[in-house]
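Letter by letter, the chains look like this.
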Amino acid sequence: MGKTCGFWLSVAPVLFSTALAAAQTVAPAPATIEISYIGLKVDRVLPLSYLDQPPADDGLQGARVALADNQTTGQFLNQSFHLNEAMVPDAAGAVEAFKARVAAGDKLFVTDLPAPMLLQVADLPEAKGVTILDATAEDDALRAESCRRNVLHTSPSRAMLADALMQYMAIKRWSRIALVIGGDPADKLYADAIRNSAHKFRIKIVQEIPWTYDPGSRQTDTGHYAVEAEVAHVTQGIGDYDLLVVADEADNFGDDLGYRTTDPRPVAGTQGMVPTAWARPFDQWAATQLQSRFLKTTGRWMTSNDYGAWLAVRAVGEAAAQGQTTDAGQIGQFMRGKDFDLAGFKGTKLTFRDWDGQLREPLLLADARSLISVSPQPGFLHQFSELDTLGVDRPETKCRM
Amino acid sequence: MTVRVLDCFAPLAMTRKLVPAIAVVLFANTALAERIFVSNEKDNTITVLDGQSYNVVATVKTGQRPRAILLSVDGKSLYICASDSDEIQVLDLASLKITGKLPSGPDPERFDTSPDGKFLYVANENDNKVSTVDVASAKIVAETPVGIEPEGMAVSPDGKVVVDTTETTSMAHFIDTQTHKVVANVLVDSRPRVAAWTPDGSQVWTSSEVGGTVAVIDAASHKILKKIAFDVPGLTSGHAQPVDIKFTKDGKIAFVALGPANRVAVVDAKTFEVQKYILVGQRVWNMAFTPDQKQLITANGVSNDITIIDVADQKPVKSVPVGRSPWGVVVSP
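Turning our eyes to something else, we now look at the overall build of chain B. In terms of regular secondary structure, chain B is built from two helices and 28 strands. The C-alpha radius of gyration computed for chain B amounts to 19 Å, which stays within 12% of the reference 20 Å derived for 333 residues, consistent with globular compactness. Along the first, second and third principal axes, the C-alpha atoms of chain B reach 55 × 45 × 35 Å. In chain B, which comprises 333 residues, the proportion classed as buried is 61%. Within chain B, contacts between residues at least 6 apart in sequence are counted, and of these 41% link residues at least 24 apart. As displayed, chain B has an accessible area near 12,500 Å², and 54% of this comes from carbon and sulfur atoms.

What follows deals with the overall build of chain A. Secondary structure summary: chain A contains 10 helices and 15 strands in total. Relative to its length of 401 residues, chain A is compact, with a C-alpha radius of gyration of 23 Å against a globular reference of 21 Å. Projected onto its principal axes, the C-alpha positions of chain A cover 85 × 45 × 40 Å. Classification of the 401 residues of chain A by burial places 54% in the buried group. Put simply, of all contacts in chain A between residues at least 6 apart along the chain, 68% involve residues at least 24 apart. Surface summary for chain A: the accessible area is close to 17,700 Å², and the carbon and sulfur share equals 53%. For chain A, the separation between the mean place of its 38 positive charges and that of its 49 negative charges on side chains is 5 Å.

The subject of this paragraph is the nonpolar core. Note that soluble globular proteins tend to have their nonpolar side chains buried in a common cluster. Residues and elements named next belong to chain A. In this structure, Tyr 307, Trp 310, Val 316 and Met 335 are the most contacted members of the largest nonpolar core, which totals 50 residues. Beyond its immediate chain neighbours, meaning those up to four positions away, Val 316 contacts Ile 33, Ile 35, Phe 81, Leu 108, Leu 133, Ile 331 and Met 335. Residues Leu 40, Val 88, Phe 98 and Met 117 belong to the second largest nonpolar core, which totals 24 residues.

Take helix H2 (residues 60-74) of chain A next. Residue and element names in this part refer to chain A. In this model H2 runs 21 Å from its N-terminal to its C-terminal C-alpha over 15 residues, within 8% of the 21 Å that 1.5 Å per residue would give. A large share of H2 lies buried, amounting to 12 of its 15 residues. Listed as buried for H2 are Leu 60, Gln 61, Gly 62, Ala 63, Val 65, Ala 66, Leu 67, Asp 69, Asn 70, Thr 72, Thr 73 and Gly 74.

Quick look at the confidence of the model for chain A now. Per-chain confidence: chain A averages 90 in pLDDT, with 92% of residues scoring 70 or above. Every residue in residues 1-25 of chain A scores below 50 in pLDDT, and together they form 50 contacts with partners more than four places removed in sequence or on other chains.

Another point: the sheet that holds strand E14 (residues 363-366) of chain A. All names here are of chain A. Overall, antiparallel pairing links the three strands, which are arranged E11-E14-E15 in an open sheet. Either end of the sheet is taken by a strand with one partner, and the two such strands are strand E11 (274-276) and strand E15 (371-375). Averaged over neighbouring strand pairs, the angle between their axes works out to 25° when direction is ignored. Where E11 lies against E14, three bridges are found, and the strand directions are antiparallel. Opposite Thr 276, over in E14, you have Leu 364 as the bridge partner.

All right, on to the sheet that holds strand E5 (residues 131-134) of chain A then. All names here are of chain A. With parallel pairing, five strands are arranged side by side in an open sheet as E3-E2-E4-E5-E6. Either end of the sheet is taken by a strand with one partner, and the two such strands are strand E3 (79-88) and strand E6 (151-153). When the angles between neighbouring strand axes are averaged without regard to direction, this sheet yields 25°. The pairing of strand E4 (residues 108-112) with E5 spans four bridges and is parallel. Within the sheet, the bridge partner assigned to Val 110 lies in E5 and is Leu 133.

Residue and element names in this part refer to chain A. Across all of its chains, the model carries one disulfide over all chains by this definition. Bridging Cys 147 to Cys 399, the disulfide has an S-S length of 2.0 Å. The disulfide joining Cys 147 to Cys 399 has a torsion of about 85° about its S-S bond and is therefore right-handed. Placement of Cys 147 in the loop between E5 and E6 and of Cys 399 in the segment after E15 is noted, with a sequence separation of 252 residues between them. Here the two residues Cys 147 and Cys 399 agree in accessibility, since each one is buried.

Each value, and the rule that gives it
Per chain, residue numbering runs from 1 following the sequence as it is written. Starting at A for chains and at 1 for ligands, labels are handed out in the order in which the entities are written. A pLDDT threshold of at least 70 governs which residues receive local features in this predicted model, and a stricter bar of 80 or more applies before side-chain atom pairs are shown or counted, although totals over entire chains, interfaces and linings include all residues. Think of the side-chain values as coming from all heavy atoms in the structure, minus any hydrogens and water. Counting from the N terminus, the helices are DSSP H or I runs at least four residues long and the strands are E runs at least two residues long. Our radius of gyration looks at C-alpha atoms and nothing else; its globule reference is 2.2 Å times the residue count to the power 0.38. Note on exposure labels: buried denotes an accessible area under 20% of the residue type's maximum, exposed denotes more than 50%, and partly exposed covers the range between, all computed with a 1.4 Å probe on protein chains only. Should any heavy atoms of two residues lie within 4.5 Å, those residues are considered in contact. Per-residue and other accessible areas were derived by the Shrake-Rupley procedure at a 1.4 Å probe size, with only the shown protein chains allowed to occlude residues. Under this rule, positive means Lys or Arg and negative means Asp or Glu; His and the chain ends count for nothing. Charged groups are reduced to one reference atom each: NZ for lysine, CZ for arginine, CG for aspartic acid, CD for glutamic acid. Definition used in this section: a nonpolar core is a set of buried Ala, Val, Leu, Ile, Met, Phe, Trp, Tyr and Cys residues joined via side-chain atoms within 4.5 Å. Every helix has an expected span of 1.5 Å times one less than the residues it contains. Note: pLDDT gives the predictor's confidence per residue, expressed from 0 to 100. Strands pair, by our definition, only if DSSP identifies at least two bridges between them. To obtain an axis, a line is fitted to C-alpha atoms, over the contacting stretch when the element is a helix, and the angle between two such axes runs from 0 to 180 degrees between their N-to-C directions. Criterion for a disulfide: a pair of cysteine sulfur atoms within 2.5 Å.

Put into structure tokens, the structure is as follows:
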């Protein structure tokens, strides 16, 4: 029997027979599936753009909206879901919260933790047999040498984001980039992903530009002169290039590059045209429904972190529904299996790669106001799934679980 | 795509042969009356085309985001789900004027009518409900809670059951039209869009857009008899995303619109085998037969046109531009 064939449930059988009606009155209370969310409380700094104030509940709201989605489906299946939320100040707090939830019997976790903390939790003896859905960490190492059997990723990896961008360059026949790299460790990792991907798609990096300029109080009056002069200066004499790619994950300077370069070139990467799992202008494949549901519930727009957490909690809900189980262990197994799929408003089935636990998903290329494209780009073919043209494919994986 | 102008005189010749004396009069009547209505989701309009020449004869302004459209049982009106106006508008087909409105509940997407025309059953996409609208009193008389993003709506031929699909919950909900209660929930593949009853009322077919399958559900036992998959030559499996389903009156053939595969599948409704794929415009979602079922019209949301398919030949005949994001299509006799 297929995963759903023949499955049906009488919810109001009173219409058909009194015997069934009696059965309904003694139906057991819905089994509750516990999901634990552990997120790191970060002191958000103001971003470069005054327009986007960082939400304090980034990620968490995605989990909450998905929980409501799970509940609505669950009511027809006699399944109920509960979200335990723990916002922790540091690694010790994450470990403590995790141990407490495991002690309470939880086996399904959604995390918004940086890679070192995630690994610290995943390597605890208590973490054996649990499923941790990493909703926000994009580190490629977590899908390679630091992969873990008990961790799945609903956030795209940096390699996937870089491939989404480079595939688009390839179909536009833009073949040369200049790469501006910020000073944060994360920016180096983003730049690594761009380098690997550029090599894969035969795109030449004509120059790398480390960004060292600290504009100080650049938003004071006339500060824009200094910024414009600096950007013009570092982009002088690069030679022939098509696209300025920027690695600035913390939004420290990337938005200041566009329109200020010496040669007029578009900006992409962490700012400008951004490869991302979710973006405000995205409304295809009924994404309007999720966008408006999120906006209505939370009073703000959905971010990529929210989307990662939404996918993680929905993966639990779908595995419970499709696998017809409320057992947390079985739910964790089912979502890794071949009968599982998740609809994420991307027009295609989302499934987990069995070699590194990464969720396959199409990625958006968007700027602040418009959806530019969706990768994989047409023509990038794959023998199993075109989605596997994004990120690290089975033959290249360094993950040994 | 092969495009040729439809031979308008073929039906005339055939009719003459059968009943020579009154043929011309009959033909003239049907030719004048038959019209195609297409809802343009992004234009807030309905495009009206002549059913013979396929010329656009009128463009009617509607409420915001018109999606599903439905002919009233008496054939005098067209009901329009104006989704973002949160109402159903009534277009008088004689005057082509919007003459009334019906309550719909929030965000009506698809709907269906009771066979006697007294009730409309409406999927409220943003509100997880199915609303029952009494047409005469213009009142919502019942609301049935269902799963997330209700969409497909189909009333059984005897009017006793309405099936609603919910896109995020991935279920077909069977609702008793007397009690307005859900009597069964059938889990199907991801993102079910459309539900359709076979003409004999024995089965309900639901299309799963992301799952890529059509589930054939036994209407009595609520068991899934078959899941039909679509393997379009030259496309990988993810591209076939089934949406609308239309049966021929004899129940022998089902046409299934495959969205971004830009094709309509021809399915043997008895063996569930896919016989053929017909190339149409881009992102084909919804379809309508002409009253004689000689043509099938498809609304193509990305190429902003409709395609006319010759049902006997199973070939596209012509594509005609309409408004932006054509969503629904109806042919009035």
